[in-house]
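Chains, contacts and geometry: an overview
Next come the chains, spelled out residue by residue.
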Amino acid sequence: MSSVHVCLNNPLSPSRTLRRSFSLHRETPSLLGIGNGRRTLHAIACLNVEVEATDSNAGKPGLLKSKEVMETEARVLVGTYARAPVVLASGKGCKLYDVEGREYLDMSAGIAVNALGHGDEDWLKAVVEQATTLTHVSNMYYSLPQVELAKRLVASSFADRVFFSNSGTEANEAAIKFSRKFQRYTHPDAKEPATEFISFTNSFHGRTMGALALTSKEHYRSPFEPVMPGVTFLEYGNIQVTKELIQQGRTAAVFVEPIQGEGGIYSATKEFLQFLRSACDDAGTLLVFDEVIIC
Ligand SMILES: Cc1ncc(COP(=O)(O)O)c(C=O)c1O
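Just so we're clear, the structure is a prediction, and the values are computed from it rather than from any experiment.

Conventions and cut-offs
Residues numbered from 1 in each chain as written. Predicted model: local features only at pLDDT ≥ 70, side-chain atom pairs only at ≥ 80, totals over all residues. Helix = DSSP H or I, 4+ residues; strand = E, 2+ residues; numbered from the N terminus. Buried ≥ 20, exposed ≤ 12 C-beta atoms within 10 Å, placed from the backbone. Contact = placed C-beta atoms within 7 Å. Near = placed C-beta within 6 Å. Nonpolar A, V, L, I, M, F, W, Y, C, P; charged D, E, K, R; others polar. Core = buried A, V, L, I, M, F, W, Y, C linked by C-beta atoms within 7 Å. Pairing = 2+ DSSP bridges. Axes fitted to C-alpha atoms, helices over the stretch in contact; angles between N-to-C directions. Parallel < 35°, antiparallel > 145°, perpendicular 65-115°, else oblique. Left-handed = near helix turned anticlockwise from the far one by under 90°. Expected span 1.5 Å × (residues − 1). Arc of directions from axis to C-beta.

Now for the overall build of the protein chain. Scanning the protein chain from N- to C-terminus turns up nine helices and 11 strands. Expressed as a percentage of its 295 residues, the buried residues of the protein chain come to 24%. Residue pairs at least 24 apart in sequence account for 66% of intrachain contacts in the protein chain once pairs closer than 6 positions are excluded.

Structure follows, in structure tokens:
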């Protein structure tokens, strides 16, 4: 078993960079260097895999299959993600198999999403049952699964009600809108209710225009500017500067990741989070915990 560790260096660099890193345009005998024994690769995606492969894989004609898929993808898909050069074909439990039949241990799943393994029988049964019963209905109607799921989430969390969205970035878009609407609703006579936002250094909140505006790293935002105005980035954990800005009363909401994921694994202190809670309560500001990638 060779160990291939693909590190998270820069998840949003164009995929071309990755192709260069792995020299994918050349006829490499093995895209992961498996044929060359133990190696650590630094790539631009999060995939921690244990690769079950023998040197006999190197140079096999089948390896071209991966290459073909990657080249075809480059022609027909917009290259917004820098992928590790692995073409996955199937999975069972925590094992994954690529198109050449090599086996991997899946240690990242959907990056903190859908970490249920592959082909789980209970999950499969539930999906088939639901698809057979009622496949997809629009939001124009009520449907039982939505209500059942919301009931369970409310019963097992702090929340009174649930808003379903398709992605983390949409959850943040909704939170942006809820915050502004909340400020208008709670200050009906105010000429200029609070519309601004506080976000923190090293934060990541998503790729749609509002969530992007709350994301601190310049290189995520700059290609798409102007993004939503009115966001101030403060030092993560800095109580004093945050207090001063919240007290000015222009902040509709403070967005914070209790544990920052995309920007590195940085945990807010309990003291900082407790301070945010009470400062926001005092000022009538909403506090949004973005825990999209925390499981
Ligand atoms: C803290 C945080 N917020 C929001 C998002 C965006 O989620 P999505 O990719 O589902 O839009 C992510 C994704 O990595 C995240 O880590």
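Still more ground to cover, so stick around.
The environment of the ligand is made up of 13 residues, and the closest members are Ser167, Gly168, Thr169, Val292 and Ile293. Here the residues of the shell around the ligand are counted per class, giving three nonpolar, seven polar and three charged.

Next up on the list: the nonpolar core. Of all hydrophobic cores here, the largest spans 24 residues; its most connected members are Phe197, Leu214, Ala253, Val254, Phe255, Cys280 and Val288. Elements that contribute at least two residues to this core include exactly helix H5 (168-186), strand S6 (196-200), helix H6 (209-213), strand S7 (231-234), strand S8 (251-256), helix H9 (270-283) and strand S11 (286-289). If you tally residues by element for this core, the top one is S8, at five residues. Residues in contact with Phe255, not counting those within four places in the same chain, are Phe197, Ser199, His205, Leu214, Val288 and Asp290.

In the sheet, strand S3 (residues 88-92) pairs with strand S4 (residues 95-98) via four bridges, with the strands oriented antiparallel. Bridge pairing in S4 links Leu88 to Asp98. Where S3 folds back on S4, the antiparallel hairpin that results is connected by two residues, among which Gly93 adopts a positive phi of roughly 60°.

Turning our attention to the environment of Ser165. Checked against the element boundaries, Ser165 lands in the loop between helix H4 (144-155) and H5. Residue class for Ser165 comes out exposed when judged on the 12 C-beta atoms lying within 10 Å of it. Once residues within four sequence positions are removed from consideration, Ser165 is found in contact with Glu170, Ala171 and Ala174.

We now examine the sheet that holds S11. Pairing within the open sheet is parallel, and its four strands lie in the order S7-S6-S8-S11. For this open sheet the edge positions go to S7 and S11, each flanked by a neighbour on one side alone. Neighbour-to-neighbour, the strand axes of this sheet turn through a mean angle of 25°, independent of strand direction. Pairing geometry for S6 and S7, over four bridges, is parallel. Within S7, the position partnered with Ile198 by the bridge is Thr232. Contacts from helix H8 (residues 239-247) reach S6, S7 and S8 within the one sheet, and its direction differs from that of S7 by about 160°. Along the sheet, H9 makes contact with S8 and S11, crossing S11 at roughly 150°.

For the peptide bond that leads from Glu225 to Pro226, omega is 5°, which places it in the cis range. Among the structural elements, Pro226 can be located in the loop between helix H7 (218-221) and S7. Backbone geometry places Asn114, a non-glycine residue, at a positive phi of 50°. Relative to the helices and strands, Asn114 is located in the loop between strand S5 (103-105) and helix H3 (121-133). Asn114 sits in the exposed class, given 10 other C-beta atoms within 10 Å.

Here the focus is the packing of H8 against H9. It is at 10 Å that the axes of H8 and H9 come closest, and there the two elements cross at 15°. Overall, the two elements H8 and H9 adopt an arrangement that is roughly parallel. As H8 runs across H9, the sense of the crossing is right-handed. Every residue of H9 that contacts H8 at Ile239, Thr242, Lys243, Ile246 and Gln247 is listed here: Phe272, Phe275, Ala279, Cys280 and Ala283.

Taking 1.5 Å as the rise per residue, H5 with 19 residues should run 27 Å; its terminal C-alpha atoms sit 26 Å apart, in good agreement. Every buried residue belonging to H5 is among Gly168, Thr169, Asn172, Glu173, Ala175, Ile176, Ser179 and Gln183, and all of these are buried. Looking straight down H5, one finds that the buried residues subtend no more than 160° of arc, so they occupy a single side. Opposite its buried face, H5 presents the exposed residues Lys177, Lys181 and Tyr185, each directed more than 90 degrees away.

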